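# Structural features, examined
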Amino acid sequence: MEDYTAEMIKDMAFSFCPQCGAAIVPNHRGRPRKFCSPECRSKWNNTHPRPQNWKTVRSKVCPVCGREFSYRHQYGLPRKYCSRACANKGRAKGESSIGK
């Protein structure tokens with residue numbers, strides 16, 4: 001069995017980043033870190049939404065693709081499309097019908 005010095009224990013990783021798997025060295029102040037960087041935290045939150053924590057969850061059907069989607073009501077503007085791709089198609093369809 002190896003004997004660990006206080007210096008070695010201080011620099012050991014006690015957890016791993018759930019996004020990239022990198023070892024997280026504790027900072028020994030405040031609450032323990034879950035992610036190795038703000039970039040990993042942002043990527044994780046964007047790919048793992050938690051609608052159950054949203055206070056105002058709404059559901060709609062996309063007028064372009066017909067798929068039902070959930071969204072959070074933000075900035076006072078309701079969402080109409082499920083994605084940017086559908087929004088672009090919807091706007092392009094609307095412009096072509098106006099010009100005729």
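Conventions used here
Residues numbered from 1 in each chain as written. Predicted model: local features only at pLDDT ≥ 70, side-chain atom pairs only at ≥ 80, totals over all residues. Heavy atoms only, no water. Helix = DSSP H or I, 4+ residues; strand = E, 2+ residues; numbered from the N terminus. Areas by Shrake-Rupley, 256 points an atom, 1.4 Å probe, with all protein chains shown as cover. Buried < 20%, exposed > 50% of the residue type's maximum accessible area, 1.4 Å probe, protein only. Pairing = 2+ DSSP bridges. Core = buried A, V, L, I, M, F, W, Y, C linked by side-chain atoms within 4.5 Å. Contact = heavy atoms within 4.5 Å. 1 Å grid on protein atoms, 1.4 Å probe; cavity = no way out; pocket = protein on both sides within 12 Å on 5 of 7 lines; lining within 4 Å. Points joined across faces, edges and corners; volume = space filled by probe spheres on them. Nonpolar A, V, L, I, M, F, W, Y, C, P; charged D, E, K, R; others polar. Disulfide = S-S within 2.5 Å. Polar contact = N/O pair within 3.5 Å; in protein donor to acceptor, adjacent residues only side chain to side chain. pLDDT = per-residue confidence, 0-100. Phe/Tyr/Trp six-rings, centres within 6.5 Å; stacked < 30°, edge-to-face > 60°.

When helices and strands are counted, the protein chain shows 3 helices and 4 strands. Total accessible area on the protein chain stands at roughly 8600 Å², and carbon and sulfur atoms take up 53% of it.

Now for the pairing of strand S4 (residues 68-72). Two faces belong to every sheet, and in a regular strand the side chains alternate between them. Alternating residues of S4 divide into Phe69 and Tyr71, all buried, and Glu68, Ser70 and Arg72, none buried. Note that strand S3 (residues 57-61) and S4 share 5 bridges and pair antiparallel. Along S4, the bridge assignment pairs Arg58 with Tyr71. Once S3 ends, the chain turns through 6 residues before running back antiparallel as S4, passing Gly66 with a positive phi of about 80 degrees.

Turning our eyes to something else, we now look at the nonpolar core. Most often, soluble globular proteins keep nonpolar side chains buried together rather than apart. Within the largest apolar cluster, 7 residues are counted, these being Cys62, Phe69, Tyr71, Tyr81, Cys82, Cys86 and Ala87. For this core, the elements supplying multiple residues, two or more each, are S4 and helix H3 (84-99). Those residues in contact with Phe69, other than ones at most four positions away along the chain, are Arg58, Ser59, Lys60, Val61, Cys62, Arg79, Lys80, Tyr81 and Cys82.

Looking now at the environment of Ile24. Secondary-structure assignment places Ile24 in strand S2 (residues 23-24). We classify Ile24 as buried; its relative accessible area is 3%. In this structure the C-alpha to C-alpha distance between Ile24 and Ser37, which are 13 residues apart in sequence, comes to 9.3 Å.

Moving on, we get to the layout of surface pockets. Volume-wise, the second largest pocket comes out at about 200 Å³. In this structure, the second largest pocket is lined by Arg31, Pro32, Arg33, Lys34, Phe35, Ser37, Pro38 and Arg41. Looking at side-chain class alone, the lining of the second largest pocket contains 3 nonpolar, 1 polar and 4 charged residues.

This paragraph deals with the state of the cysteines. The final tally for this structure, using the stated rule, is 0 disulfides. This cysteine, Cys20, is not joined by any disulfide, and Cys36 carries the nearest cysteine sulfur, 3.5 Å off.

What follows is about the side chain of Ser37. With respect to the helices and strands, the residue Ser37 is situated in the loop between S2 and helix H2 (38-47). In terms of polar contacts, Ser37 uses its side chain to reach the backbone amide nitrogen of Cys40, at 3.2 Å.

This part covers the confidence of the model for the protein chain. Looking at the protein chain, the pLDDT average stands at 78 and 75% of residues meet or exceed 70. Here helix H1 (residues 6-10) stands out as the least confident element of the protein chain, with mean pLDDT 55; H2 is the most confident, with 87.

Turning our eyes to something else, we now look at the packing of aromatic side chains. In this description, an aromatic ring pair is defined by two values, namely the gap between the centres and the angle between the planes. Under the counting rule described, the total for this entry stands at 2 aromatic pairs. Here Phe35 and Trp44 contribute two aromatic rings whose centre-to-centre distance is 6.3 Å and whose plane-to-plane angle is 50 degrees, an arrangement assigned as tilted. On the numbers, 5.9 Å between centres and 35 degrees between planes, the contact of Phe69 with Tyr71 is tilted. In terms of burial, Phe69 and Tyr71 fall into one category: buried.

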